[in-house]
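This is what each chain is made of:
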Amino acid sequence: MTKARKARIDSATQAVKVMAAATKELLPPAHAPLDDDALPFWNDIMKARAKSEWTDHDLAYVSDLANAMAQLVTNRAKLRKEGEVIVPSDGKVYANPRVAVVHGLHAQIKSARQSLSIHGRAAGEARDVGKRRAHARSVEGDNPLEGDDLLARPSVN
């Protein structure tokens, strides 16, 4: 069984699909709400691919990833303040449980980035992925459909 090939990004058909996707605003789905402090992470993650590459399933996963990244920042700040070792009033020395939380968030983030193919070699050879993404971003940037209602259904007079 052969694997289906991706359509060439430099084809006219793909260019039209990329242009159409570039006009849409990609938002977190209602069933995967984004925490307020996660919005900057959402925006950064969304820049990792051209808009035409994101699926509805990916957007839910990106919301979870952005929330985990925001939680990591919060927990790392608390860990710095609390320290990695806790010495309660009984004098015994304990490892701060937040260390495990931070470690778990790191693992969750790494796994999510791999699942979304936004890490090093996830989507193929870096040079090929980079070329595809650069071309898609170029098409998005020079989009003749942007700002016009060319994709809207024509009105009948």
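Coordinates for the structure precede this section.
What counts, and at which threshold
Residues numbered from 1 in each chain as written. Predicted model: local features only at pLDDT ≥ 70, side-chain atom pairs only at ≥ 80, totals over all residues. Heavy atoms only, no water. Helix = DSSP H or I, 4+ residues; strand = E, 2+ residues; numbered from the N terminus. Buried < 20%, exposed > 50% of the residue type's maximum accessible area, 1.4 Å probe, protein only. Contact = heavy atoms within 4.5 Å. Areas by Shrake-Rupley, 256 points an atom, 1.4 Å probe, with all protein chains shown as cover. Patch = residues over 30% accessible without salt bridge, like charges linked within 9 Å, V, L, I, M, F, W, Y side chains within 5 Å. Salt bridge = Lys/Arg side-chain N within 4 Å of Asp/Glu carboxyl O. Axes fitted to C-alpha atoms, helices over the stretch in contact; angles between N-to-C directions. Parallel < 35°, antiparallel > 145°, perpendicular 65-115°, else oblique. Left-handed = near helix turned anticlockwise from the far one by under 90°. Core = buried A, V, L, I, M, F, W, Y, C linked by side-chain atoms within 4.5 Å. Phe/Tyr/Trp six-rings, centres within 6.5 Å; stacked < 30°, edge-to-face > 60°. Lys NZ or Arg CZ within 6 Å of the ring centre and 35° of its normal. Nonpolar A, V, L, I, M, F, W, Y, C, P; charged D, E, K, R; others polar.

**Q** How would you explain the overall build of the protein if you had to name every residue and give the values?
**A** Along the protein, the regular secondary structure elements total five helices and two strands. Secondary structure elements of the protein, listed N to C terminal, follow the sequence α-α-α-β-β-α-α. Within the protein, the proportion of its 157 residues that are buried is 30%. Partitioning the intrachain contacts of the protein with sequence separation of at least 6 by distance along the chain shows that 64% fall at a separation of at least 24. Here the protein displays about 11,000 Å² of accessible surface, and carbon together with sulfur accounts for 54% of that area.

**Q** Can you lay out a nonpolar patch on the surface for me, pointing to particular residues and giving the numbers?
**A** A contiguous nonpolar patch, built from Val85, Val87 and Val93 and spanning about 270 Å² of accessible area, is present on the exposed surface. According to the relative accessible area criterion, Val93 is exposed, its value standing at 58%.

**Q** Before we move on, can you summarise the environment of His103 with the specific residues and values?
**A** Within the secondary structure, His103 is located in helix α4 (residues 98-115). Taking the C-alpha atoms as reference points, His103 and Arg76, 27 residues apart in sequence, are found 9.9 Å from one another.

**Q** Quick one: what's the story with the packing of helix α2 (residues 39-46) against helix α3 (residues 56-82), residue by residue and with numbers?
**A** With their axes 8 Å apart at the nearest point, α2 and α3 run at an angle of 130° to one another. In terms of their interaxial angle, α2 and α3 are classed as oblique. The crossing of α2 and α3 is right-handed. Packed against α2, whose contacting residues are Phe41, Trp42, Ile45 and Met46, the element α3 presents Leu59, Val62, Ser63, Leu65, Ala66, Met69, Ala70 and Val73 at the interface.

**Q** An account of the pattern of salt bridges is requested, with residue identities and associated values reported.
**A** Scanning the entire structure with this criterion turns up two salt bridges. Ionic pairing is found between Asp58 and Arg49, a salt bridge with its closest N-O pair at 2.8 Å. Residue class for Arg49 comes out buried when judged on its relative accessible area of 8%. Where Arg98 meets Glu82, a salt bridge forms, and the shortest distance between an N and an O atom there is 3.0 Å. Here the residue Arg98 occupies a position in helix α4, and Glu82 occupies one in helix α3, the gap between them amounting to 16 residues.

**Q** Quick one: what's the story with the side chain of Arg49, residue by residue and with numbers?
**A** Among the secondary structure elements, Arg49 is positioned in the loop between α2 and α3. Discounting chain neighbours no more than four positions away, the residues touching Arg49 are Trp54, Asp58, Leu116, Ser117, Ile118, Arg133 and Arg137.

**Q** How would you summarise the nonpolar core if you had to cite specific residues and measurements?
**A** The biggest cluster of nonpolar side chains holds 22 residues, and the ones touching the most others in it are Trp42, Ile45, Met46, Trp54, Val62 and Leu65. Listing elements by their share of this core, those giving two or more residues are α2, α3 and α4. When near neighbours in sequence (up to four residues on either side) are disregarded, Val62 contacts Trp42, Ile45, Met46, Trp54 and Leu116.

**Q** Now, about the environment of Ala60: what can you tell me, with residues and values included?
**A** Note that Ala60 resides in helix α3. For the pair formed by Ala60 and Leu27, sequence separation is 33 residues and the distance between their alpha carbons is 9.3 Å. The residues contacting Ala60, other than those within four sequence positions of it, are Pro29, His31 and Ala32.

**Q** How would you explain the packing of aromatic side chains if you had to name every residue and give the values?
**A** Taken as a whole and judged by the stated rule, the model has zero aromatic pairs. Above the face of the Trp54 ring, Arg49 is positioned so that its terminal group lies 4.1 Å from the ring centre.

**Q** Please provide a residue-by-residue account of the packing of α3 against α4, values included.
**A** Where α3 meets α4, the axes come as close as 9 Å, and the angle between the chain directions of the two elements is 155°. It follows that α3 is roughly antiparallel to α4 by the angle criterion. For the pair α3 and α4, the crossing hand works out as left-handed. Of the residues in α4, those in contact with Tyr61, Leu65, Ala68, Met69, Gln71, Leu72, Asn75, Arg76, Lys78, Leu79 and Glu82 of α3 are Arg98, Val99, Val101, Val102, Leu105, His106, Gln108, Ile109, Ala112, Arg113 and Ser115. Per-class residue counts for the contact of α3 with α4 are twelve nonpolar, five polar and five charged.

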